[in-house]
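In case you want the letters, here they are:
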Amino acid sequence: MSANGSPMGFGRMRRKEDARFVRGRGTYVDDVRLPGMLHGAVLRSPLAHARIESIDTTAAEAHPKVQAVITASELAERGLAWMPTLSYDTQAVLASDKVRFQGQEVAFVVAEDHYAARDALALIDVEYSPLPVVADAGTSLDESTVVIRDDLKDKQDNRIFDWEAGDKASTDAVFAKADVVVAQDVLYPRVHPAPLETCGIVADFDPIAEKLTAWSTTQAPHAHRTLLASVLGIPEHRIRVISPDVGGGFGNKVPIYPAYLCAVVGSMITGRPVKWAEDRSENLMTSAFARDYHMRGEIAATSDGKILGLRVRVLADHGAFNCTAQPTDYPAGFFHIVTGSYDLQAAHCEVTGVYTNKAPGGVAYACSFRIAEASYLVERLVDMLALELDTDPAELRMRNLLRPGQFPYVCPTGWEYDSGNYPAALELAMKTAGYEALRAEQAAKRERGEYMGIGISCFTEAVGAGPRKHMDILGLGMADGCELRIHPTGSAVLRISVQSQGQGHETTFAQIVAHELGISPDEVEVVHGDTDQTPFGLGTYGSRSTPVSGAAAAVAAQRVRERAKLVASAMLEVSPSDLDWERGRWFVRGAPTIGRTITEIAAAAHSSLELPDGVEGHLDASCVYNPPNLTFPYGAYICVVDVDPGTGQVKVRRFIAVDDCGTRINPTIVEGQIHGGLADGIGMALMELMAFDSDGNCLGGSFMDYLLPTSVECPPWELGEMVTPSPHHPLGAKGIGESATVGSPAAVVNAIMDALKPFDVRHADMPLTPAAVWCAIQGRPLRS
Ligand code: MCN
Ligand code: CUM
């Protein structure tokens, strides 16, 4: 322990950044105020699909406080009417020919203040001719359906991609010989990340230096800078992206949104900084959504409960532009980890992506690139199989879980799982839950007409994208840089490429350096979120910070330690091979009292001490980390619910979560990540839904309509810990930032379906609102 009680490395310590957050002293983009700053506002389409006949901006331009009104024609003059998406599609920055979803950006007003900018929107006159709307992905490929993306050359339909993984022939073969096959349509509905802080930018283009500074809410400052350079034609070294404190991202802050480019152009036109900050409805209605996977799953097994194979067909609704963010070769993200935690013989999945007249985006919201969908599907199928076989779902899982001796395990769709002990995790969860007693309680209650349910979910994730050989986003390989500077007095500055949105990197990354060098985390300052001050890297999403950037930090610190060894050998006048390391100090082997601490060595490295040939002064080091594989965190969750059959109301009474993310750098932060993710899971299972009517009107434009869980819906979480280090990560750490969001919805839904077993309900889709549960009990379809 250091003087103030923080550990000298891994362990529980309070978050360093909380000193400013709990005092309300964080700095978010909307706190940035520059001299002469103007304000932008976006005019958005009221219709989901329409031809634009004309746009008249004269009245808005005449507004005394308006400085500029930008439409697609101004952008076209600069070659900016369309921009590339992260998935090699193009997206309209401002609509010119047509609007393709409700809320699409049509014009951008720049004014002296926020209110004037908003007022002036009402003065813009747009004439629309409505077109037929494709609101249902299920009809998007019908021959008679209107082609949404007629801007794309030769586009004849609404298909974006067809993609498959696994082996179809061998999967069909195991299905042919199976005793039991269970098939079910399962919807993972459209949800929204809904971060507390909405998206925004302050764009400041300096026409003299021809330099752009962009303060923006981004999870990936360096990738944004590269993208801005290629889109705007400004040389990359003259763009600085600063991402100050970010109030939650959950994937929502991965993309570059059209209004960001409009703000930049607004600054170029006016010569003044331009701020644009989304309001809540804009965030919910137009920024990156998640899921919207329409899945058909089939699971095959023997009559005694050995799972043989999985066959999956997905229709993926990507909205009007394909803006999903995932590595290039994976249009459906990492969905093909759909075999989950089970040892089965064969699997095949096919995914078709389609356009609809809905807001673009996708993948966002703690999904680990579509593993949320995959995990939910397989866990629902396993429960339905248990029902079919009349077996206990825990027993069926235990029988089919991968065994510790099978790792590294290559799954039928090609992932190489690094490590794990799945049966032990489920055992621990069952023990914590008191599984037998819960089943007894349930049986007794059923006798009395009370409906209690117990749901299990055993999930496996793949996080830490990714090996450069296999993974890139828009051609940018997924390695991350890191620089570690040691001052003469022994304190350190660590510069990282990833960007916290609340995950506590300023604390855990300091702990990584502290762990490797034996100094206090309080002596390590972590710098991030400013491309002028940090090395290149792809940013924070897919729980990749610890697996990739955390590894870079560890390797850089290990390089410092090795350099320190050479300096220590000069100080002690012994050969480096005679030195041993213990926390914070090199000492002479066999003479432990003779040694030098890192602090002493840092001073010497900056002094006039004669250093051995080839040893430069100072201790600074850097690293670019290219992960050899992803890390595979996993867990076993058990949820206990009580369902009121009269109202359909669900109460989540208990939630037991056993997680294994390998070595835990800061268990308190890890548990916080799990708590947040479990709440996410309850939200998606019970209430979150981004719905649309048949005209494509978004029905989730406010928190009155788009429901989020609160502490009222959440039980006290009961957490269990397993530690199976990742064999290829320098610290043995795996990511944890999305595990609970990925794993928990299935546990909640499985619990509710378990409660409804006496009503012969096999499956109902999320969100299981009281109305949905009531309809399921009554055997009626839910009127949406
Ligand atoms: N950690 C640890 N030991 C481990 C693994 C992680 O101590 N074995 C710590 C990390 O060092 C970090 C935190 O836990 O402080 C999360 O680490 P990691 O799993 O590497 O995930 P990232 O930092 O890359 O965060 C991304 C992840 C994603 S993709 C979403 S979505 C999500 C999530 O984080 N968004 C969040 N958690 C969030 N938490 C907050 N508060 N806000 C968000 O927007
Ligand atoms: Cu999929 S949401 Mo997170 O990867 O930023």
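A. Local environment of the pairing of strand β17 (residues 346-354). In terms of residue burial, β17 counts as a mostly covered element, since eight of its nine residues are buried. One ladder, built from seven bridges, connects strand β9 (residues 159-166) with β17; its direction is antiparallel. Opposite Ala165, over in β17, you have Cys349 as the bridge partner. As defined by bridge partners, strand β16 (residues 307-317) adjoins β17 across nine bridges and the pair is classed as parallel. When the bridges of β17 are listed, Gly309 appears paired with Ala346.

B. Spotlight on the packing of helix α9 (residues 371-389) against helix α10 (residues 393-400). Interhelical geometry of α9 versus α10 gives an angle of 115° and a closest axis separation of 9 Å. In terms of axis orientation, α9 runs roughly perpendicular to α10. Every pair of crossing elements has a handedness; the one defined by α9 and α10 is right-handed. Contact with α9, carried on its side by Glu379, Val382, Asp383, Leu385, Ala386 and Leu389, involves Pro393, Leu396 and Arg397 of α10 and no other residues of that element. Looking at the contact of α9 with α10 residue by residue, the class counts come to six nonpolar, no polar and three charged.

C. Geometry of the nonpolar core. If you look at the biggest cluster of nonpolar residues, it comprises 178 residues, and the most contacted ones within it are Phe108, Phe335, Trp415, Tyr417 and Ile752. A per-element tally of this core places α9 first, with 12 residues. The two domains that each donate at least three residues to this core are domain 2 (32-131 + 198-247 + 253-286) and domain 3 (290-465 + 629-778). Filtering out sequence-adjacent residues up to four positions away, Tyr417 remains in contact with Ile337, Thr339, Gly340, Leu402, Phe407, Pro408, Tyr409, Cys411, Tyr422, Thr460 and Phe632. Judged by nonpolar contacts, the second largest core, of 44 residues, contains Ile519, Ala552, Ala556 and Ile601.

D. Spatial organisation of a negative patch on the surface. A surface patch of like charges, here negative, comprises Glu53, Asp56, Glu61, Asp125 and Glu127. Every element with two or more residues in the negative patch is listed here: β2 (50-56) and β8 (125-130). The topology assignment puts Glu127 in strand β8.

E. Just the domain arrangement of the chain, in detail. With domains assigned, the chain is organised as domain 1 (18-25 + 479-625), domain 2 (32-131 + 198-247 + 253-286) and domain 3 (290-465 + 629-778). Taking only C-alpha atoms, the centre of domain 2 and the centre of domain 3 are 37 Å apart. With 22 residues of domain 2 in contact, the opposing surface of domain 3 contributes 24 residues. Buried area between domain 2 and domain 3, both sides added, is near 1,800 Å², and the carbon and sulfur share of it is 59%. Together, Ser87, Phe101 and Leu284 form the three largest contributors to the area buried by domain 2 at its contact with domain 3, with a combined 28%. The interface formed by domain 2 and domain 3 includes zero salt bridges. For the pair domain 2 and domain 3, the number of links is 10 residue pairs in polar contact (both at pLDDT 80 or more). Of all elements in the fold, only β5 (90-92) and α8 (280-286) reach the threshold of two or more residues within the side of domain 2 that touches domain 3. In terms of residues, the side of domain 2 that touches domain 3 owes the most to one element, α8, which gives five residues.

Parameters at a glance
Residues numbered from 1 in each chain as written. Chains lettered and ligands numbered in written order. Predicted model: local features only at pLDDT ≥ 70, side-chain atom pairs only at ≥ 80, totals over all residues. Heavy atoms only, no water. Buried < 20%, exposed > 50% of the residue type's maximum accessible area, 1.4 Å probe, protein only. Helix = DSSP H or I, 4+ residues; strand = E, 2+ residues; numbered from the N terminus. Pairing = 2+ DSSP bridges. Axes fitted to C-alpha atoms, helices over the stretch in contact; angles between N-to-C directions. Parallel < 35°, antiparallel > 145°, perpendicular 65-115°, else oblique. Left-handed = near helix turned anticlockwise from the far one by under 90°. Contact = heavy atoms within 4.5 Å. Nonpolar A, V, L, I, M, F, W, Y, C, P; charged D, E, K, R; others polar. Core = buried A, V, L, I, M, F, W, Y, C linked by side-chain atoms within 4.5 Å. Domains from an automatic or database assignment. Patch = residues over 30% accessible without salt bridge, like charges linked within 9 Å, V, L, I, M, F, W, Y side chains within 5 Å. Areas by Shrake-Rupley, 256 points an atom, 1.4 Å probe, with all protein chains shown as cover. Salt bridge = Lys/Arg side-chain N within 4 Å of Asp/Glu carboxyl O. Lys, Arg positive; Asp, Glu negative; His and termini not counted. Charge placed at Lys NZ, Arg CZ, Asp CG, Glu CD. Buried area = accessible area lost by both parts, 1.4 Å probe. Polar contact = N/O pair within 3.5 Å; in protein donor to acceptor, adjacent residues only side chain to side chain.

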